[in-house]
Amino acid sequence: MSELSPRFIGHEIYRGSSYGGWHPLKIPRVSTVMDLTRALGWVGDGQYITSPRAKPAALALWHDPAYLAALERAEREQAVSDHVRERHALGTHSNPVFAEMFRRPATSAGGALLAGELLAQGGVIYHPAGGTHHGMPDRANGFCYLNDPVLAILSLRRSGVQRIAYVDIDAHHPDGVEAAFATDGDVLLISTHEEKRWPFTGAVADAGCGNTFNLPVPRGLNDSEMSVILQELILPKVSAFRPDAIVLQCGADAVEEDPLSRLSLSNNAHWAVVAALCPLTTRYLVLGGGGYNPWSVGRLWAGVWAVLAEHEIPERLPDAAVAVLRALTWEGNRRGRNVPEHLFTTLRDAPRTGPVRTEVRDRLAELQQRSAP
Ligand SMILES: [Zn+2]
């Protein structure tokens, strides 16, 4: 590991920002992580970086200028034409018009671009607002208006970092990132995602130029299965690739409490992946991603910072941190009522172990046989 102290990229724009009252992203996420980590005294002097907001010219590193202009205009006018809705998927059910619809993703993308520059010198950067892995060059997709993981990888490249391993443990397949790099032998792409779930891409057989390892996982994926996936797929492939940098998309929607997937991990599974990848690189960028239960996403992502910055997670949270979790609300979802007490008073879930099922073993065996570039 680099001697540089881990850094946390955040911004106040995420506080109070909402995609709209009916959208899964009406909930606070990054502001919870900022508040929890501060309440725990885990963010030291100089570790917090306020994310810059990327300008359209910088976003054009991957995104189509006409799309960027349409996105800026949609924010300004708070409306889109039928043409823009059809051409760029803005103003749709998934990708609604909302107050910060350009500034918020441009801030996440600005953080990702900055991370790519800073990591040229080595180190560990946590950017929980990042991870918008569905964004396409000329259209919004799956709540993602821009694709900050792609921009982070391209920023690393521009800083002279050539071989990059991208690992994605979100419940959904990173179709935008795969679209960007499936033909690039200097990017390794590994994704675990729930089978038969939107965006319905990421089949085991989709190998890109030999650099792509997709593992669709069955409903109910448990910690024991994720541990086997880590030991038998993720770590061997990343080690063999000998990356100059690792980008981990650590979406929080594969946990049991998430409303948008049917996977059953505990947050211990995510933290194990975060920790295990750390010694394999001198340049490590950890992004957020999905995560639609306000308590589970805040707890999981605060714990990611604990792993990266080497803080011990207490059995019971101090009062200031409990107050952050108790202040969260989740209207319109049954899980928002009668919230289990441990979601307020702890960060660490109880482990959710279980049998390692045949379909997981079989798909792993198929991927293990293929060598990375
Ligand atoms: Zn997701």
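In the nomenclature of an unreviewed UniProt entry, the chain corresponds to Acetoin utilization protein AcuC from the organism Actibacterium lipolyticum. As stated in UniProt under Pathway (unreviewed entry), the record for the chain gives "Ketone degradation; acetoin degradation." Listed in UniProt under the heading Sequence similarities (unreviewed entry), the comment for the chain reads: "Belongs to the histone deacetylase family."

Caption draft 1: Here's a closer look at the overall build of the chain. Across its full length, the chain holds 13 helices and eight strands. Projected onto the principal axes, the alpha-carbon positions of the chain cover approximately 50 × 50 × 40 Å. For the chain, contacts bridging at least 24 residues in sequence account for 76% of all contacts bridging at least 6.

Caption draft 2: Spotlight on the sheet that holds strand β3 (residues 123-127). The parallel open sheet is built from eight strands, whose spatial order is β2-β1-β3-β8-β7-β4-β5-β6. Each edge of the open sheet is held by one strand with a lone partner, namely β2 (48-50) and β6 (212-217). Ignoring which end each strand starts from, the neighbouring axes of this sheet average 15° apart. Sheet topology note: the strand β7 (residues 245-249)/strand β8 (residues 283-287) ladder contains four bridges and is parallel. Each bridged residue has a counterpart across the sheet, and for Ile 246 the counterpart in β8 is Tyr 284.

Caption draft 3: Region of interest: the environment of His 311. Considering the arrangement of structural elements, one finds His 311 in the loop between α10 (294-309) and α11 (319-326). For the pair His 311 and Trp 42, spaced 269 residues apart in sequence, the C-alpha to C-alpha distance is 6.9 Å. Setting aside its immediate chain neighbours within four residues, His 311 contacts Trp 42 and Ala 306.

Caption draft 4: Region of interest: the packing of helix α8 (residues 223-241) against helix α13 (residues 358-369). As a packed pair, α8 and α13 sit with axes 11 Å apart at the nearest point and diverge in direction by 10°. Here α8 is positioned roughly parallel relative to α13, judged by the angle of their axes. Two secondary-structure elements touch here, α8 through Glu 225, Ile 229, Glu 232 and Leu 233 and α13 through Val 360, Leu 364, Leu 367 and Gln 368.

Caption draft 5: Molecular detail of the environment of Trp 271. Residue position: Trp 271 is located in helix α9 (residues 267-277). Given 21 C-beta atoms within a 10 Å radius, Trp 271 is considered buried. Spatially, the C-alpha atoms of Trp 271 and His 11 are 23 Å apart, while their sequence positions differ by 260 residues. Those residues in contact with Trp 271, other than ones at most four positions away along the chain, are Gly 303, Val 304 and Val 307.

Caption draft 6: Structural detail: the packing of helix α5 (residues 103-118) against helix α6 (residues 148-158). At a minimum axis separation of 7 Å, α5 and α6 run at an interaxial angle of 25°. Classified by the interaxial angle, the pair formed by α5 and α6 is roughly parallel. Crossing hand, α5 versus α6: right-handed. Residue-level inspection shows Ser 108, Ala 109, Ala 112, Leu 113, Ala 115, Gly 116 and Glu 117 of α5 in contact with α6, the latter providing Asp 148, Pro 149, Leu 151, Ala 152, Ser 155 and Leu 156. Of the residues in the contact of α5 with α6, the class split is eight nonpolar, three polar and two charged.

Caption draft 7: Structural context of α11. Every buried residue of α11 is accounted for by Ala 321, Val 324 and Leu 325. End-on, the buried residues of α11 take up no more than an arc of 95°, which puts them together on one face. Buried-residue contacts for α11 involve α1 (30-39), α10 and α12 (342-345).

Caption draft 8: Looking closely at unusual backbone geometry. A cis amide bond links Trp 198 to the next residue, Pro 199, at an omega of 5°. By secondary structure assignment, the location of Pro 199 is in the loop between β5 (187-194) and β6. In this structure, Arg 242 is a non-glycine residue whose phi angle is positive, near 50°. Relative to the helices and strands, Arg 242 is located in the loop between α8 and β7. Overall, the presence of 12 C-beta atoms within 10 Å leaves Arg 242 in the exposed class. With phi around 50°, Asn 338 is a residue other than glycine that occupies positive phi space. Inspection of the secondary structure assignment puts Asn 338 in the loop between α11 and α12.

Conventions used here
- Residues numbered from 1 in each chain as written.
- Predicted model: local features only at pLDDT ≥ 70, side-chain atom pairs only at ≥ 80, totals over all residues.
- UniProt positions renumbered as here; feature names shortened; annotations may be inferred.
- Helix = DSSP H or I, 4+ residues; strand = E, 2+ residues; numbered from the N terminus.
- Contact = placed C-beta atoms within 7 Å.
- Pairing = 2+ DSSP bridges.
- Axes fitted to C-alpha atoms, helices over the stretch in contact; angles between N-to-C directions.
- Parallel < 35°, antiparallel > 145°, perpendicular 65-115°, else oblique.
- Buried ≥ 20, exposed ≤ 12 C-beta atoms within 10 Å, placed from the backbone.
- Left-handed = near helix turned anticlockwise from the far one by under 90°.
- Nonpolar A, V, L, I, M, F, W, Y, C, P; charged D, E, K, R; others polar.
- Arc of directions from axis to C-beta.

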